[in-house]
Every structure is written in structure tokens, then in C-alpha cells.
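# Coordinates in review
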Amino acid sequence: MRRALIVAAAVAVAALLVIAPHRLNGYGLNLLYVTVLSVGLAYGWNIISGYAGYFSFGQIGFFGVGAYATGLLVADKGWPWMAAAAAGGVLACALSVPLGYVMLRLRGPFFAMGMFGMAQMVRVLVTAIPASGAGAGLFLPPGSGIVEVYYWTLAVAAGAFGITLWLDRSAFGLRLQALREDEQVAGTLGVDATRAKTTAFALSALIPGLLGGGYALFLTYIEPDAAFSSRLDLQSIVMAILGGVGTLWGPLVGALVMTQISEALWARFPQIYLMIFGGLLVVLLIALPRGIVPSVTAAIARRRAHAR
Amino acid sequence: MIVAQLAVNGILLGGVLALSALGFNIIFGVMRVVNLAHGDFVVLAAVFTVFAFAQLGINPLLVLPITIGAGFVAGALVHVLLLRRLPGEVASAEASSLTLTFGLSYFLAGAGLATFGGRFVSVPYLTGAYALGGLQIPQAKLLAFAVAVVLSLAFALVLRATRVGRAIRATSQNLDGALACGVDVDRVRTAGFAIGTAVATAAGTLMSFVYNLNVQQGVLFTVNAFAVVVIGGLGNYTGAVLGALILGLTESFASYYAGATLAEAAPYLLFILVLLVAPNGILGRRTA
Amino acid sequence: MSGPLLAVDDVSVAFGGVQALSDVSLEVREGEILALIGPNGAGKTTLFNVISGVLRPDRGDVRFNGSSIVGRPSHRIAKAGIARTYQIVRPFARLSVVDNVAVGALVHAPTIARARADAREVVRFVGLGALAERPASSLTLTQRKRLEVARALALRPKLILLDEVMAGLTPTEMDGMAEFVMGLRERGIAAVAGVEHVMRLVMRISHRIVVLDAGRRIAEGDPASIRTNPAVIEAYLGAPLAGA
């Protein structure tokens, strides 16, 4: 009975999300797009950082690669938008294999900083390609409507959720979490750590890559600060942490809550936006170190235990 | 003589980087916390120094004790009010403190932007240069280098000779041993963070009359400090000096031969290389 | 099966200038319980690390079922049939007790549901049934020790390396652990039990004993002969006992 209700609710939400763009005005659609984008990014980050335990401060690098690859394919080679965006994602994913080979040997803060550095280097390299327009940016010819890009982003975000659902329930997900808790012990219990983290890393690159492609199409103009936006990077991390790192619903809850706050802040206080966001992250970590979802789940469990 | 000139520039830069890295190293050594807000303290101190000079006419060297004091207090507050409140579970401690300082970094950069604005600034102090056998040695850089050396030695002395310093070193090298000797680890960590931040702000003041800086460049300095410390070996102070010199020289040469943007990538490249080839740094890590 | 199950040949390991193991050799036969004893720092854990693939020896070979396993990654060694427990227990803190054990069970189970079912059985077997869904971080030390054992059992190993499995247990608990180790004999699982102290219990449950001191093997034999071996006594007490 509960199952049926959940499925019905899910279908209703899905229907709403699909119909929405036709009912909303420009601002509303914008907000919806950004919300869905954030959900997707948060889920992507959550895979390598939450489930695998390799906190990364450089996933934006893959987003930027996806954005520029799509931009270049559409502007320079005249590719149809969907193929270009897909190619952006695939390229980011492919890049993650040699990058992961190098970076995944590092742990903890080294990996985090290493990824940050990696993202900066990727940015430098991408903007060094003359066709990318370097600092001046790249204009995309109009070829896709906002509505189509929204659906693309919705599909990717749903896919990211789906992958996380799989991670939460599957054997691979269990192995990954074991690896997160204690990589050495996981090894002596039969977990192929290298394969597991490489796969997680690839998934964590594919998602932002595909989303970046959509972003380029959405903006129709990309430049380094937008494609490799620290704001987006920080936001997705805060959202996942607020919601609950390494949980299934965490990124969704976090993104939903955060996007509204974020958009309101950005509209009102663009100057001190990053400051507020940074401060918020600090406060959150102290107040709700595990995030909303685990805190709520724990509270419910305690109520149930008392009731017995 | 361009090579020699670049080398001189690199060494002078290295001196100040070493001071900055010293602060970073202390915090990492004592608490195993990578302070991602490190560079923001450096840059804020620098910009503050510029304003003190521009608005009040105070000599940057006189601002030094102010920034050191402010850094000390700020560091202590950050530790007591924030870091100490994080849950102690081993699995998430590293990630939480990393993320906390990450958020702090954005907070400080934003606060700096709101307070001081986003322009590039520096203190126009000692703009002349000594000519030495065909080489130009900018006076400001030389002064910064000299003061950095003096301060580094002073802080090193504090670490070696004072009770607090010894407690800090003991806690970094052997936590259980230190606990067994009755060291109040929480207090030591606060002291470590306070000293580490004070050193960072000192470095910032020195940087203010050497470079054009803006408040949003904190990240660069954090990465530089991180690179230095990785190259030299975490917790290894002598290594950090060596690492700073290497980084300074690399940046100096890269800037000239490869252009500013690619030179920006230099610290990242170096530290990734070192992490892969010699993960414990060139001189190796002190046993933990 | 003709040769020994596990053969360690002249293994040497050094780190940071300290020779942790020097030319250590030993054999474990199928179904045999071997006690590996030695004072703290003798090299027992290092040897376990070498056998389980966590550490690569500088010299020497380790053969399991006839084939060399030196250089193989630890997950392959685990799948081949060697399980190990850790001296300082390291549970997967945020995972439930069942999930902790299911990780190992995945090696033999085709699906995760099957792995969890197998894991539940093992969890019940070690007496943690009531705590199955709790996070491992909520367990007491004794319970964690049992969890360590459960995780190792889930691998369906042919050989278990038990590192200081008695440490921190009360005498009653130790008896229980000894019973468990004897039970392994009945199930045909071989074990190497690393212990610091020469205990009556250890004497009772092992077939053979190997003694390590400062990285070297100083004695080997059945319990009775080890007890009176002067080299062993000296290693523990620092000097031969008068009249021993």
C-alpha cells in the first residue's frame, strides 16, 4: 500500500516536472532549470564524495569540459544540440579515466586539493584552445529552445538519481561504501578498490559533463568563469552536504532547499552572495554535521524506539 | 643574465612563500587539518595593510604586529568556535574540517570583498631596486624576504624552545604519547591554529608591498602553501623551506617563459607530480 | 592435497631502517591451527599484512595452494580464500552489522540479497543477531571483535589470519573465542592465530606453534616443546630461567 502511494506520488511529481515548462513564465522556467541543474550536480558530486568517500573540490572541471565541448561542437562543427551535449558528457567521462588513474591514488585532503588543481589546469588548457575564444567566450548559435534544454537537464538529473538509487541498493554500492569506510579492510574482504573508485569517478564525471553541455546551450554564451563557475561548484557541494552526504535523498532535499535560498540571495545580495554561502556551509557543518536527511531519519528512528 | 635575474626573483619569492607555508604546516601538523582558508587570511592581511598605509599612513612594517595579533586571535576563534565543534568520528573528521575551511574560505573572501572592494592593490613602499652586478634586486622584495626569514626563525624558535611550541610538536608527532604526558590537546590545537594563522597574516603583510593583490586571490595562496608543504613533506619544516624555494623558482621561470596563465598552473602541476612520484615529499614526512 | 595450504618462504620486510621481518618461514597445513606467538613488535601483524597482500615483502615468497601470491592485490587474495581480522578492530562504522558482513559474502553470493541472507546467518552464528541492523559504530569492543570474525567468516575462507583475537576479552569471552577457533578445526578451516602472550588457551587450541621475536623465527614445534624452549623463554623474559 505504501509502495503504491510512493509510486503514485513519484508519477505525479514527474508529470508536474514535465508539464511545468509550458506553464511557467521566463523567470519561473529559469528557476526551475537552475533547480534541476543543481539537483543533478549535487547527485553527481555525491557519488564520488559521498558514496566513495573521495571528497572532490574539482568536479566543476568536468562541467566545464562538457560545456566547452558542446559549445565548440555546435558553434564550430554545426552539430545538432543533443548530440553535442551527449558528446560533452562522454568526453568528460573519458577524461576521467586517465585523470582518475592519477588522482585516485591520493586520499583525503590531497585528493580534494588535487582535484581543485586539476580543475584549474583543465580550465587553463580549455581556454588555451583558440577556437574556444579564450577569455572572450564563445557564442552559440540558437538551435535549441530553453524548454528542450530543460528536458535534457531533467533527464540527466533523473538519471543521476537513478544511478544513486542503484548505488544505494546494489552490490557495487555496498562495495563502494565499504571502500569509503576503510579502503584497506575493504580490500582484504574482497573489494577491488581500484575498479570501484574508477567507476564511481567516471559516473561522477559523466553527470556534470552532460549537465555542462546543457548549460552551454542554456546560456548560448560561455566563458571560463561561467563554465568553470566556483559558484556552481560550491553550491552543489553545499547542497549535498546540507541534504546529507552519501544518502539517496540528501542531494535532492539539499538542492530543493538551497536553490530557493540561493536564488533569493543572489537576487538580493549578489555582492556578498559567496560570503553568505560560505558562512552558511560553516554553520551547517556545525549544526547539522550529517545533513538533513540523516538527522531526520535518526530522529524518526528514535521516536519509533521510544514508542515501543 | 636573465636566468640569474629570474633565479633571484624566484628565491626572493620563495622566502615569503616559506613563511606562508610555515603557518599552513603548523596547522596541518598539529591537527591534520588542511586549512583551505589559509590563503584568505594571507590576502586579507595584505589588503588590510594596504588600507592602513593608504588611509592612515602607517608603515607596513608597523602594521605587522597588528596583523600578527589579529591573525592569532582569529585563528584561536576559528578553532574554538568552529573546528572544535565538529563531530569527532574518525571517518568524517577529515572531510568535515576540510569542508568547513572550504566554506570559511568563501566567507572570508566575500567579507573581504564587501569590506575592501575587489580592486588589485599593493603598498607602494620602497619602490627602488639595488643593482648588483647586472642584477636588479627590488628593495621591497628584499625587505620582504629578510623579514620573512627573521619571522620564520622566530616562529621556529617558538616551536622549539617554548612549552607551547614543544607541546605542539609533541601532539603532531605522537598524539597518544602527548595525551599520556598530560598535554591538553584541545588547548594545544587552538594554540597551533592561532600561531599558524598569525604566521599566515604576517606573510600577507609582507606580500602587500611585493605584489598586487585582491581579496579574491586567497585560493592561489592556499594552493601555493599546499604545494610547498607537499613538495617538502607534510610536517617537515626544513622541507617546506626547500619546497618554497623550488616553487618560487618555478613560478618565476614559468611566468617569464610560459606566460602568466600557464604559470598559474605551475603549483598545481608541481604538487601533483610530487604527490605521484614522492608522496611523502622530497625530504619525506616526519613519522606520525 | 599434497603440499601445505600456506607456505611462507624466507620473507623479509624492512621499513624506515627497521627490519620488521628477517627470513621468516612457516607452513600451515589444511585444517591446521597454527599459533604465531611473539612479544609486541615481533612482526606478527607485519607478517599478516604480507600474507593478506597489504604489504609487499622485500624478499621471499608466499604460496597459497601452491601458487605464489606475492604481489597480488589484497582483494584477489581474499577471493582466493585467505581472510584476516585486525588487531585494532576496524568495522565499517556507518554500515550496519549485516552490511559489514555482507561485503565479504559478496565474494561468493551472486546477488546482494543472497549476500545479505548469508551475512545474517553468519551474524547469528557469532551471536550478534539482535544487533544485525544497528550501525557498527554502536557496538561495544567485544561485539566488534565478534564482528571482525564474522566478516572474515563470510568470505568462506580456507585460511583465517586472526590478529590478537584474544586481546581485550574477559576470561569467559576468551573461552568462547577458543571454542570458536576449535570449531574452525571441525569445519576444516585453517587458522593462524597471532597472540602476544603464551597462554594455556592458545596451547590447548593449536596444533603447532611458531615463535617470532624481533622479526625472526626463533622456535617452532608442538605446544609442549615450545613451553620449555629456552630461546622462547628468553625472548619473553629477557634471560633464561634458572633451572628451566
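Residues numbered from 1 in each chain as written. Chains lettered and ligands numbered in written order. Predicted model: local features only at pLDDT ≥ 70, side-chain atom pairs only at ≥ 80, totals over all residues.

For the rest of this paragraph, the subject is the overall build of chain A. When its secondary structure is counted, chain A shows 14 helices and two strands. Taken over C-alpha atoms, the radius of gyration comes to 19 Å for chain A, in line with the 19 Å a tight globule of 308 residues would show. Along the longest, intermediate and shortest principal axes, the C-alpha atoms of chain A span 65 × 45 × 40 Å. In chain A, which comprises 308 residues, the proportion classed as buried is 55%. A sequence separation of at least 24 residues applies to 78% of the contacts in chain A between residues at least 6 apart. (Helix = DSSP H or I, 4+ residues; strand = E, 2+ residues; numbered from the N terminus. Rg over C-alpha atoms; globule rule 2.2 N^0.38 Å. Buried ≥ 20, exposed ≤ 12 C-beta atoms within 10 Å, placed from the backbone. Contact = placed C-beta atoms within 7 Å.)

With that settled, the discussion passes to the interface of chain A and chain B. Between chain A and chain B, the contact holds 30 residues from the first and 35 residues from the second. Sorting the residues of the side of chain A that touches chain B by element identifies α5 (108–128), α11 (230–243) and α13 (273–287) of chain A as the ones contributing at least two each.

The next thing to look at is the packing of helix α1 (residues 2–31) of chain B against helix α5 (residues 139–161) of chain B. Residues and elements named next belong to chain B. Orientation of α1 relative to α5, taken along the N-to-C sense of each, is 35°, at an axis distance of 8 Å. Where α1 crosses over α5, the handedness of that crossing is left-handed. Every residue of α5 that contacts α1 at Leu 12, Gly 15, Val 16, Ala 18, Leu 19 and Leu 22 is listed here: Lys 141, Leu 142, Ala 144, Phe 145, Ala 148, Val 149, Leu 151, Ser 152 and Phe 155. Within the contact of α1 with α5, the residues separate by chemical class into 12 nonpolar, two polar and one charged. (Axes fitted to C-alpha atoms, helices over the stretch in contact; angles between N-to-C directions. Left-handed = near helix turned anticlockwise from the far one by under 90°. Nonpolar A, V, L, I, M, F, W, Y, C, P; charged D, E, K, R; others polar.)

Attention now moves to the interface of chain A and chain C. How big an interface is tends to be stated in terms of the accessible area lost upon association of its parts. On the chain C side, the residues contacting the 18 residues of chain A number 24 residues. Listed by contribution, the elements that provide at least two residues to the side of chain A that touches chain C are α7 (171–181) and α8 (183–188) of chain A. Here the side of chain A that touches chain C gets six residues from one element, more than from any other, and that element is α7 of chain A. Each residue belonging to the side of chain A that touches chain C can be placed in one class, and the counts come to eight nonpolar, six polar and four charged.

Across its 18 residues, helix α11 (residues 260–277) of chain B extends 26 Å between first and last C-alpha, which sits within 8% of the 26 Å expected from 1.5 Å per residue. Along α11 of chain B, the residues that are buried comprise Pro 267, Tyr 268, Leu 270, Phe 271, Ile 272, Val 274 and Leu 275 of chain B. As for α11 of chain B, its buried residues are in contact with α5 of chain A together with α9 (218–232) and α10 (237–258) of chain B. (Expected span 1.5 Å × (residues − 1).)

Bringing unusual backbone geometry into the picture now. One non-glycine residue, Thr 220 of chain A, adopts positive backbone phi at about 55°. Among the secondary structure elements, Thr 220 of chain A is positioned in the loop between α9 (193–219) and β2 (221–222). For Thr 220 of chain A, a count of 18 C-beta atoms within 10 Å translates into the label partly exposed. Its identity is not glycine, yet Asp 23 of chain C carries a phi of approximately 45°, on the positive side. Take Asp 23 of chain C: it is sitting in strand β2 (residues 18–28).

Val 16 of chain B together with Ala 191 and Ala 193 of chain C are the most contacted members of the largest nonpolar core, which has 282 residues in total. When residues no more than four places from it in sequence are discounted, the contact partners of Ala 191 of chain C are Ile 33, Leu 159, Ile 160, Leu 162, Val 181 and Leu 184 of chain C. (Core = buried A, V, L, I, M, F, W, Y, C linked by C-beta atoms within 7 Å.)

Residue and element names in this part refer to chain C. Here six strands make up an open sheet; going across it, the order is β6-β7-β8-β3-β9-β10 and the pairing mixed. Because the sheet does not close on itself, it has two edges, and the strands there are β6 (82–84) and β10 (216–221). Averaged over all adjacent pairs, the angle separating strand axes in this sheet is 20°, with direction ignored. Note that strand β7 (residues 159–163) and strand β8 (residues 190–195) share five bridges and pair parallel. Its bridge partner lying in β8, Ile 160 is registered against Ala 191. (Pairing = 2+ DSSP bridges.)

Another point: the sheet that holds strand β1 (residues 6–15) of chain C. The strand order across the open sheet built from four strands is β2-β1-β4-β5 (chain C), with neighbouring strands paired in antiparallel fashion. In the strand order of this sheet, the two ends are held by β2 and β5 (67–68) of chain C, each with one partner.

Time to look at helix α3 (residues 60–75) of chain A. The terminal C-alpha atoms of α3 of chain A, which comprises 16 residues, lie 22 Å apart, in line with the 22 Å expected from a rise of 1.5 Å per residue. Buried residues dominate α3 of chain A, accounting for 16 of its 16 residues.

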